[in-house]
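Observations on the model geometry
The chain contents come next:
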Amino acid sequence: MADLRSTFIGIKSPNPFWLASAPPTDKEYNVRRAFQAGWGGVVWKTLGSEGPPVVNVNGPRYGVIHGPDRRVLGINNIELITDRPLEVNLREIKSVKRDYPDRALIISLMVPCDEDSWRDILARIEDTGADGVELNFGCPHGMAERGMGSAVGQVPEYIEMVTRWVKKHSRMPCIVKLTPNISDVRKPAEAAKRGGADAVSLINTINSITSVDLDLFAPQPTIDGKGSHGGYCGPAVKPIALNMVAEIARHPETAGLPISGIGGITTWRDAAEFMALGAGNVQVCTAAMTYGFKVVQEMITGLHDYLDSHQMQLSDLIGRATPNVTDWQHLNLNYVTKAVIDQEACISCGRCYAACEDTSHQAIAMKPGRVFEVIEEECVACNLCVDVCPVEDCITMRELELGEIDTRTGLPRAGYANWTQHPNNPMARAAE
């Protein structure tokens, strides 16, 4: 029977599901409710330096992208770090950790980029009993002009420098939260590792404007007729987050660096995908904001059942898919598949035909009676018909056997060969 207990960089929790640093983790009341609902850990909403609290806007803070069924696909957030006094936050953190010693409690931090500021706040949090710190190097709005957030996260040298300060002045495990607003996420991950980080977490929010009010002609959310870019999160960012997690997990310079996966995790399956690509645990925000804290119960049950059905433990899942992530030039160009339509499952909607006829390879024919059939000699196995079909498993891709003739090319399917070996590759010819 699968055991979901998690140990991440020495931090123990009853399951690998943590709440990310965000509005849901801004105060003791929320965090207690989260732990009562079953969350294994919490990253407390980002704390700043002692002094006058940060000022947030008093109008709308979120803009949303909806699907056709009004399901939330993404949220744009213009809220800053906590606007509650540092002393209040620290007192509440200490109280929560005292009552929930078995849950992971991490403190997110963001202060100006000088050693004294980091040393001072680390000294203030040492006696809270918290299990670790997460360095917020990702906020894309409202903090960059203060030398914080993504202004640090986009400069590897700053990441390394601040991480060294934190490791120098604190006994706590240190997680570095990375911004996706950068061309190559491996560079800041390398810098965090050089600085002594115990782990990285990613992704933080994506710099964005979600929509424009076409009556006010201003970005949403709109504050007194004006709008600003903010941080985008939710299910829509999941593919970007998965890729960045995989890049760090398989990069020789960062392979083995523990990863806390963040970005659009809504179900147990989302979490399992992050962990299969190398994340040791996951952090969730938008799903909790959309469905409430009890959404974690489905995640726990679903992951438990999945592991049991595959006779796996949690440790068996982590990184299981990482070796199968490769670069395009190493894909097997001799792997051939063809689309197959299950006529009994087909509802004759014609989506596959319209998509293939208008935008792909004219490889689906519409016969009398709206019967749709694959024209194998035209099918390049692009998978578009599978993706647009509204009936699950109605269209599948059949793999050709070795030696079987591909009716499109007239050639038998051969063994493995990739672009680096292909005769059309000028680099391959030059190496001969």
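Numbering of residues starts from 1 in each chain and follows the order in which that chain's sequence is written. Local features in this predicted model are restricted to residues of pLDDT 70 or higher, and side-chain atom pairs are both shown and tallied only at a pLDDT of 80 or more, whereas totals for entire chains, interfaces and linings draw on every residue. Side-chain measures were taken over the full set of non-hydrogen atoms in the model, leaving aside hydrogen atoms and water.

**Re a nonpolar patch on the surface**
Our working rule: A residue counts toward a patch only above 30% relative accessible area and without a salt bridge, and it is joined to like-charged neighbours within 9 Å or, for Val, Leu, Ile, Met, Phe, Trp and Tyr, to nonpolar neighbours within 5 Å. Residue burial considers only the protein chains on display, and all accessible areas are found by Shrake-Rupley using a 1.4 Å probe. Here, a salt bridge means any Lys or Arg side-chain nitrogen found within 4 Å of an Asp or Glu carboxyl oxygen. Note on conventions: DSSP H or I runs of at least 4 residues are helices, E runs of at least 2 residues are strands, and numbering of each starts at the N terminus.
A cluster of nonpolar residues, Ile 209, Val 212, Leu 214 and Phe 217, forms a patch on the protein surface that exposes about 460 Å² of accessible area. Checked against the element boundaries, Leu 214 lands in the loop between β12 (211–213) and β13 (218–220).

**Things to note about the sheet that holds strand β11 (residues 206–208)**
Counted only if it meets this: Any two strands between which DSSP finds at least two bridges are classified as paired. Only C-alpha atoms enter the line fits that serve as axes; for helices the fit covers just the stretch in contact. Angles between N-to-C directions range over 0 to 180 degrees.
Taken in spatial order, the four strands make up an open sheet running β5-β6-β14-β11, and their pairing is antiparallel. Bordering the open sheet on either side are β5 (62–66) and β11, each of which pairs with just one other strand. Averaged over neighbouring strand pairs, the angle between their axes works out to 35 degrees when direction is ignored. Bridge analysis of strand β6 (residues 72–77) against strand β14 (residues 230–233) gives three bridges, and the strand direction is antiparallel. Within the sheet, the bridge partner assigned to Asn 77 lies in β14 and is Gly 231.

**A look at the environment of Asp 114**
Let me state the cut-off plainly: Burial classes follow relative accessibility: with a 1.4 Å probe on protein chains only, a residue under 20% of its type's maximum area counts as buried, one over 50% as exposed, and anything between as partly exposed.
Summarising the element assignment, Asp 114 is placed in the loop between β7 (104–109) and α3 (115–125). The exposure class of Asp 114 is partly exposed, given its relative accessible area of 30%. With 47 residues separating them along the chain, Asp 114 and Met 161 place their C-alpha atoms 9.4 Å apart.

**Observations regarding helix α2 (residues 86–99)**
Convention followed: Residue count minus one, scaled by 1.5 Å, sets the expected span of a helix. It only takes one pair of heavy atoms within 4.5 Å for two residues to be counted as in contact.
Taking 1.5 Å per residue, 14 residues should reach 20 Å; α2 reaches 20 Å between its end C-alpha atoms and fits that length. Those residues of α2 that sit buried are Leu 86, Asn 89, Leu 90, Glu 92, Ile 93, Ser 95, Val 96 and Lys 97. Buried residues in α2 make contact with α1 (28–37), β4 (41–47), β7 and α3.

**Details of the domain arrangement of the protein chain**
Frequently, the measure chosen for interface size is the accessible area that the parts lose on association. Selection rule: Where a domain begins and ends is set by an automatic assignment or by a domain database.
On domain assignment, one finds that the protein chain holds domain 1 (6–322) and domain 2 (328–421). Distance from the C-alpha centre of domain 1 to the C-alpha centre of domain 2: 41 Å.

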